[in-house]
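# Descriptive structure summary
One letter stands for each residue in the lines below.
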Amino acid sequence: MKEISLNILDIAQNSVKAGAETVRIELKETTETLFVSISDDGCGMKPDFLAAVTDPFTTTRTTRNVGLGIPLFKLACEQTGGEFSIVSRDSENFPTDHGTTTSALFYKTSIDYTPLGDVISTLTVLIQGAPEIRWVFTHTLPGGEVRLDTDELKEALGGVPLSHPEVVAWIADYLKEQYDGANGNPCPSI
Amino acid sequence: MKSLEELAAIRERMQNKVVLREGSGDIRVVVGMATCGIAAGARPVLNAFVEEVNREGLSDKVTVTQTGCIGICQFEPVVEVFEAGKEKVTYVKMTPEKAKEVVEKHLKGGKVITDYVIKDI
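Let us look at the structure shown here. Everything numeric in this text was worked out from a predicted model, so none of it was measured.

Here the focus is the sheet that holds strand E4 (residues 99-107) of chain A. All names here are of chain A. The strand order across the open sheet built from six strands is E3-E4-E2-E1-E5-E6, with neighbouring strands paired in mixed fashion. At either margin of the open sheet sits one strand with a lone partner, and together these are strand E3 (83-89) and strand E6 (144-149). Adjacent strand axes in the sheet meet at a mean angle of 5° when their direction is disregarded. Pairing of E3 with E4, which is carried by seven bridges, proceeds in the antiparallel orientation. Paired with Ile-86 across the two strands is Thr-102, which belongs to E4. Strands strand E5 (134-141) and E6 of the sheet are contacted by helix H5 (residues 150-157), whose axis makes an angle of about 55° with E6.

Here you go:
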């Protein structure tokens, strides 16, 4: 993956597949570190699957027995000297309080740090693909904060789906404006 | 400054239109968005389709959706076009530029771009 924002997109797709109603993506950035957390209330994973999930030969997909999403994310943070964690409660054992939280700490000063990249594109793709989910995004930067809660948008939109192209375009502009305000992060697109 | 009022304006504009149903289009564009697709560049391809379909005023006719891995990872980014009564068209090794061309020539003009279609495998 060329950007951490692509890993975030990939990991968040697992939350979509897990049937989550709410997905929270939290980024906390200092001048030296980036902390990423993707948290959902989806079906979760049983302990034995969870224990094996960082192994590339563990996967939910049926086309072949290789799953690289989580191993790649883990590698991306660990190669900077950072840390990876995944915590999950499966819906069978935790019927009222299930879900998965995947988090990673990156050291931005490391030569092996992949840039965060185009977070806005990641969010618009996620919202466009799963407009029924409540997406809550926060990015704390040294110079300010960027946030988005799709529930607030839904209220203003009435019955118009979040995936409508005009709405998706509005969300991209809305986030870009916030990034311009918070530290002038250019958030380059590829 | 972007405000939620702008969303209310979009809502009003949509309500004036007869068609409000998502997915009512005749054509479905499906972009592979699993690890393999994402790593190969599916994100900008998806965004290009959404933007171009909107720009060309095709959003009532064309629905852009996402799917997981369809098993031909070496050809990612893969885009499938489904149209009622026609055979599925599978575009491979897509880029945002090719996506723009597909919207213009195929989705709008009705002509499949055979150069970008998967060859027999």
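All right, on to the interface of chain A and chain B then. Each partner contributes residues to the interface: chain A has 40 residues there, and chain B has 32 residues. Looking at the side of chain A facing chain B, the largest losses of area belong to A:Gln128, A:Glu166 and A:Trp170, adding up to 19% of the total buried there. On the surface where chain A and chain B come into contact, there are three salt bridges. Its salt-bridge partner being B:Arg43, residue A:Glu3 comes within 2.7 Å of it at the nearest N-O pair.

Look at any regular strand and the pattern is simple: side chains alternate between the two faces of the sheet. All names here are of chain A. Among the eight residues of E5, six are classified as buried, and the element is accordingly described as predominantly covered. Pairing of E5 with E6 involves six bridges; the strand directions are antiparallel. Across the sheet, Phe-137 pairs through a bridge with Leu-148, a residue of E6. Hairpin connection between E5 and E6: a loop of two residues separates the two successive antiparallel strands.

Moving on to the side chain of A:Ser110. Residues and elements named next belong to chain A. You can see Ser-110 is positioned in the loop between E4 and helix H4 (119-129). One polar contact links the side chain of Ser-110 to the main-chain amide nitrogen of Asp-112, over a distance of 3.0 Å. In this view, Ser-110 contacts Gln-79 and Thr-80; residues no more than four positions away in its chain are not counted.

About the thresholds
- Residues numbered from 1 in each chain as written.
- Chains lettered and ligands numbered in written order.
- Predicted model: local features only at pLDDT ≥ 70, side-chain atom pairs only at ≥ 80, totals over all residues.
- Heavy atoms only, no water.
- Pairing = 2+ DSSP bridges.
- Helix = DSSP H or I, 4+ residues; strand = E, 2+ residues; numbered from the N terminus.
- Axes fitted to C-alpha atoms, helices over the stretch in contact; angles between N-to-C directions.
- Contact = heavy atoms within 4.5 Å.
- Buried area = accessible area lost by both parts, 1.4 Å probe.
- Salt bridge = Lys/Arg side-chain N within 4 Å of Asp/Glu carboxyl O.
- Buried < 20%, exposed > 50% of the residue type's maximum accessible area, 1.4 Å probe, protein only.
- Polar contact = N/O pair within 3.5 Å; in protein donor to acceptor, adjacent residues only side chain to side chain.

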